[in-house]
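Spelled out from the first residue to the last, the chains are:
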Amino acid sequence: MKNDGRGTRFKVKETGFRERNIILRLPFKFGAVTLTEVPQLIANVVIELENGVTGQGSAAETLVPKWFDKNPDLSNEDNFEQLRAATRIAAGLYRESPLENAFGLYSACYRDQMSRGAGRGLNPLLASFGQAILDRAVLDAVCSTLGIGFFQAVQSNVPGLRSMAIAPELADFDFAGFLAGLKPVERINARHTIGLVDPLTAEDLTGKDRINDGLPETLEEVIGFYGNRFFKIKISGDVEADIERLSRISEILEKSAPGFLATLDGNEQYRDPEHFQELWKRAKEDSRLDTLLSSIIFVEQPIHRDHSFDRSVDGISAEVPVIIDESDCDLDAFPRAAAFGYRGVSSKQCKGVYKSIINKARCLKWNQQEGFEKYLLSGEDLTTQAGLSVQQNLALASILGLSHLELNGHHYVQGMSGLPPEEQEEYLEKYPSLYIKEDGYVRLDIRHGKLDLRSLECPGFAS
């Protein structure tokens, strides 16, 4: 497909939203919240191309509390309503916009989305959620209407990515050449999340009721069931408690997953660089953690977003790369972070497809300038669920060339068991490399710790 640089232009004619409730099979604790159920938002759009042809697309995302806004005075329902408000703002802006390509629509509405969100008391991370979910639905509609897949659309620059004022440091960047050179990966390692209250061994469940739903419940069982070799370990900000839990985790991983690789997720729980360096110093002094420390790829967001850029983290990044996640609140965040010693940023579909692609371009440009792979883009998950949500996240990670992606939704939710049987069968039929049916329901098919993504090469945005 040839592209004249304008991308495929269209008008957003309709937007709509609905929700379904998701019940977790295990409690998921991260930071200050423990989830047992959560709503999933499904966005639908109808577009009309320049030639009058219409099409529709969809996207889905869980409304996770206490991540976008961790204000303890807000209830979970308050957080849900904040996310709904962000989507309503974006929907209004997109319907009001004139004929434009997908990236042009995002770019033209970005500043207004942020300012209108601020007017509603939404921080930039919350405000960006509205565009993040709608942009995926729009891309799905564009790809479906053209009869092409997401990978082909990105490589051919159907969205119309170009240098714009929203990313001035990429003014001279060759987006067309960059996108054409992206090669989707066919398989990706599932990086298993070890939550703060997750049982590690069978002994941790002594005296407690087991679920006995056929899926693993402890870390040891997860490794035996899925064969994971990549892990994301949550830490709490309590140095002594973290050291002891890390030592237990390390012992299990050394025995059950030899050659493992890991990341640490601070979830903003450390006060400042010195607080985290205290943990790192204690860990280096503890021989039980020698193997774990040598396995760590990066540390994710150890310091609270309000203080992430108060002082440099060069001292930490000199020993292990530190990346931002919650601090990645707007398009300027990664350049600001780099100036303070951070060496990477997370790709999360709830923060936006275009932000991930722009940050991938930044890593490429900056690494070429540095002469080595200093900056990295990680792949993270915010409890994406089996079906459209996880498929779009996997497709994004694939086109970005990531070798591993944090996945946690499949562990805390029993696959598609909450969906109608006919919907489950449709997913299984259309994406045979990605799903398996066992015990009467469909779930992700993780084998030897990996997912086969070849079924995602289909018309639409993995949809």
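In the block above lies the structure referred to throughout.
Here goes a summary of the coordinates provided. Just so you know, the residues in each chain are numbered from 1, in the order the chain's sequence is written. For a predicted model such as this one, the threshold for reporting local features is a pLDDT of at least 70, and the threshold for listing and counting side-chain atom pairs is 80 or more; totals across whole chains, interfaces and linings nevertheless cover every residue. As a rule here, side-chain values come from all non-hydrogen atoms in the structure, and water together with hydrogens is ignored.

Thoughts on the pairing of strand 6 (residues 261-265)
Counting buried positions along strand 6 yields four of five residues, so the element is predominantly enclosed. A pair of strands is treated as paired once DSSP finds two or more bridges between them. Helix and strand labels come from DSSP, where a helix needs a run of H or I of at least four residues and a strand needs a run of E of at least two; each type is numbered from the N terminus. Of the pairings in the sheet, the one linking strand 5 (residues 230-234) to strand 6 comprises five bridges and is parallel in character. Counted as the bridge partner of K232 is T263 from strand 6. Once the chain exits strand 5 it traverses helix 7 (residues 239-256) before rejoining the sheet at strand 6, and the crossover so formed is right-handed. Relative to strand 7 (residues 296-300), strand 6 runs parallel, the two sharing three bridges. Looking at strand 7, one finds that L264 is bridged to V299. Exposure is judged per residue with a 1.4 Å probe applied to protein chains only, and the accessible area is read against the type maximum: over 50% gives exposed, under 20% gives buried, and values in between give partly exposed. Seen with its strands pointing away from the viewer, a crossover is right-handed when the path leading from the first strand over the helix to the second is clockwise.

A look at the packing of aromatic side chains
Here is the rule: rings of Phe, Tyr and Trp (six-membered ring for Trp) pair when centre to centre is within 6.5 Å. Planes less than 30 degrees apart are stacked, more than 60 are edge-to-face, and the remainder are tilted. Summed over the entire model, instances satisfying the criterion amount to 21 aromatic pairs. On the numbers, 5.5 Å between centres and 75° between planes, the contact of F68 with F129 is edge-to-face. Linking F68 in the loop between strand 3 (54-62) and helix 1 (76-96) with F129 in helix 3 (residues 124-146), this pair joins segments that are 61 residues apart in sequence. Pair check on accessibility: F68 and F129 agree, each one buried. When the ring of F150 is compared with that of F151, the centres are 6.1 Å apart and the planes differ by 55°; the resulting orientation is tilted. Comparing F150 with F151, the two get one shared label, buried.

Comments concerning the pattern of salt bridges
Two side chains that carry opposite charge are able to pair once their charged atoms sit near each other. What makes a salt bridge here is a side-chain nitrogen of Lys or Arg within 4 Å of a carboxyl oxygen of Asp or Glu, nothing more. Scanning all chains against the criterion turns up 41 salt bridges. Where K351 meets D325, a salt bridge forms, and the shortest distance between an N and an O atom there is 3.3 Å. Placement of K351 in the loop between strand 9 (344-347) and helix 12 (353-370) and of D325 in the loop between strand 8 (322-324) and helix 11 (333-339) is noted, with a sequence separation of 26 residues between them. Judged by relative accessible area, which is 4%, K351 ranks as buried. For D325, a relative accessible area of 0% translates into the label buried.

Overview of the side chain of S128
Structurally, S128 can be placed in helix 3. Among the polar contacts made by the side chain of S128, one reaches the main-chain carbonyl oxygen of L125 at a distance of 2.8 Å. Setting aside chain neighbours within four positions, we find S128 in contact with M114, C329 and K351. Under this definition, polar contacts are N or O atom pairs within 3.5 Å; protein pairs additionally need one hydrogen-donor-capable and one acceptor-capable atom, and for neighbouring residues in sequence, both atoms have to be side-chain atoms. By definition, residues are in contact when any of their heavy atoms lie within 4.5 Å.

Considerations on the pairing of strand 13 (residues 441-444)
Bridge count between strand 12 (residues 435-438) and strand 13: four bridges; the pairing is antiparallel. Bridge pairing in strand 13 links Y435 to L444. The antiparallel hairpin formed by strand 12 and strand 13 contains two residues in its connecting segment, where D439 sits at a positive phi of about 55°.

A short note on helix 13 (residues 388-399)
Expected helix span is computed as 1.5 Å times (number of residues minus one). The terminal C-alpha atoms of helix 13, which comprises twelve residues, lie 17 Å apart, in line with the 16 Å expected from a rise of 1.5 Å per residue. Most of helix 13 is tucked away: twelve of the twelve residues are buried. Those residues of helix 13 that fall on the buried side of the exposure criterion are L388, S389, V390, Q391, Q392, N393, L394, A395, L396, A397, S398 and I399. The first or second residue beyond helix 13 is G401, which carries a positive phi of 75°.

What to know about the packing of helix 1 against helix 3
Only the stretch in contact is used when fitting a helix axis, every axis being a line fitted to C-alpha atoms; angles between N-to-C directions are given from 0 to 180 degrees. Where helix 1 meets helix 3, the axes come as close as 7 Å, and the angle between the chain directions of the two elements is 55°. Taken as axis vectors, helix 1 and helix 3 run oblique relative to one another. In the crossing of helix 1 with helix 3, the sense of the turn from one axis to the other is right-handed. Every residue of helix 3 that contacts helix 1 at Q82, L83, A86, T87, A90, A91 and Y94 is listed here: L126, A127, F129, G130, Q131, I133, L134, D135 and V138. Class assignment of the residues belonging to the contact of helix 1 with helix 3 gives a composition of eleven nonpolar, four polar and one charged. Throughout this description, any angle smaller than 35 degrees is read as roughly parallel, any larger than 145 degrees as roughly antiparallel, any in the 65 to 115 degree range as roughly perpendicular, and the remainder as oblique. Each crossing gets its handedness from the near helix: less than a right angle anticlockwise from the far helix is left-handed, clockwise is right-handed. Note on residue classes: Ala, Val, Leu, Ile, Met, Phe, Trp, Tyr, Cys and Pro are nonpolar, Asp, Glu, Lys and Arg are charged, and everything else, Gly too, is polar.

Quick look at helix 6 (residues 219-226)
The set of residues buried in helix 6 consists of L219, V222, I223 and Y226. The buried residues of helix 6 occupy an angular sector of 95° when the element is viewed end-on, so they sit on one face. Here the buried face of helix 6 lies against strand 4 (187-194), strand 5, helix 7, helix 14 (409-412) and strand 13. The arc in question is traced by the directions running from the helix axis to the C-beta atoms.

Quick word on the packing of helix 2 (residues 102-119) against helix 3
Look at helix 2 against helix 3: their axes get within 9 Å of each other, and the N-to-C directions meet at 155°. Between helix 2 and helix 3, the angle falls in the class roughly antiparallel. For the pair helix 2 and helix 3, the crossing hand works out as right-handed. Contacts between helix 2 and helix 3 involve A102, L105, Y106, C109, Y110, Q113, M114 and G117 on the former and, on the latter, P124, A127, S128, G130, Q131, D135, V138 and L139. Here the residues of the contact of helix 2 with helix 3 are counted per class, giving ten nonpolar, five polar and one charged.

What to know about the side chain of S347
As for its placement among the helices and strands, S347 is situated in strand 9. Engagement of the side chain of S347 in a polar contact is seen with the side chain of S356, the distance being 2.8 Å. Each residue touching S347, except ones within four places of it in the same chain, is listed here: S356, L377, S378, G379, E380, L396 and L400.

Keep in mind these numbers describe shape, not what the thing actually does.
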